[in-house]
Amino acid sequence: EFKLPEVREKFYTFKIFDEAVAGHGKKALKMCEEVEMTDDPYMTLGAFASSAYKKLELRQKKATEMIKILAKADLDMKRTGIDGWKLIKKALLEIAAL
């Protein structure tokens, strides 16, 4: 028997970021673990950055800090040997703590 792939909501990645922005770090991490095996960490970080830039355009509080956190995670992903998902999770926790 073959199991059908789990169908995930189209904008699930953006919901992960929104949970972190709302201060729900643990929930964001749990949701992140659900996509870790199927999604690319670079694309996920790009989706988070896109959301952060939209918040900046809307002049939302702390958007600048979020972008800085994501930029650091991006540089670390490219420069270090640290697993990209660990860096993403760290960034989500930092954003949740803002």
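Note that the coordinates shown come from a computational prediction; the quantities given were computed from them, not determined experimentally. (Residues numbered from 1 in each chain as written. Predicted model: local features only at pLDDT ≥ 70, side-chain atom pairs only at ≥ 80, totals over all residues. Heavy atoms only, no water.)

**Topic: the environment of Glu34**
The following threshold applies: Secondary structure elements follow DSSP: runs of H or I of four or more residues count as helices, runs of E of two or more count as strands, with numbering from the N terminus. Contacts between residues were defined by any pair of non-hydrogen atoms, one from each residue, lying within 4.5 Å. Pairing of N or O atoms within 3.5 Å defines a polar contact, subject to two protein rules: one partner must be a possible hydrogen donor and the other a possible acceptor, and residues neighboring in sequence count only if both atoms are side-chain atoms.
Here Glu34 shows up in helix H2 (residues 25-35). Between the C-alpha atoms of Glu34 and Ala22, which are twelve residues apart in sequence, the distance is 19 Å. Each residue touching Glu34, except ones within four places of it in the same chain, is listed here: Arg8 and Tyr12. A distance of 2.5 Å separates a polar atom in the side chain of Glu34 from a polar atom in the side chain of Tyr12.

**As for helix H1 (residues 12-21)**
The condition is simple: Here's how the labels work: a residue is buried when its accessible area is under 20% of the maximum for its type, exposed when over 50%, partly exposed in between, all with a 1.4 Å probe on protein chains only. Working note: the arc is built from the helix axis to C-beta atom directions.
Those residues of H1 lying buried are Tyr12, Thr13, Ile16, Phe17, Glu19 and Ala20. Taken around the axis of H1, the buried residues stretch over an arc of 155°, which confines them to a single face. On its buried face, H1 is in contact with H2, helix H3 (41-57), helix H4 (63-79) and helix H5 (84-96). In the segment just after H1, Gly23 is the residue with positive phi, at about 90°.

**Section: unusual backbone geometry**
Peptide bonds are trans in most cases, and residues, glycine excluded, mostly fall at negative phi. The residue Arg59 is not glycine, and still its phi comes out positive at about 55°. Relative to the elements of secondary structure, Arg59 occurs in the loop between H3 and H4. According to the relative accessible area criterion, Arg59 is exposed, its value standing at 76%. With a phi angle near 65°, Lys62 is a residue other than glycine that sits in the positive phi range. Take Lys62: it is sitting in the loop between H3 and H4. Lys62 sits in the partly exposed class, given a relative accessible area of 41%.

**Some thoughts on the nonpolar core**
Cut-off, in case you're wondering: For our purposes a nonpolar core is just a set of buried Ala, Val, Leu, Ile, Met, Phe, Trp, Tyr and Cys residues, chained together by side-chain atoms within 4.5 Å.
Judged by nonpolar contacts, the single largest core of 24 residues is most densely connected at Ile16, Phe17, Phe48, Leu70, Ile88, Leu92 and Ile95. Mapped onto this core, the elements with two or more residues apiece are H1, H2, H3, H4 and H5. In contact with Ile88, not counting residues within four places along its chain, are Cys32, Pro41, Thr44, Leu45 and Phe48.

It is worth stressing that arrangement in space is one thing and function is another; only the former is reported here.
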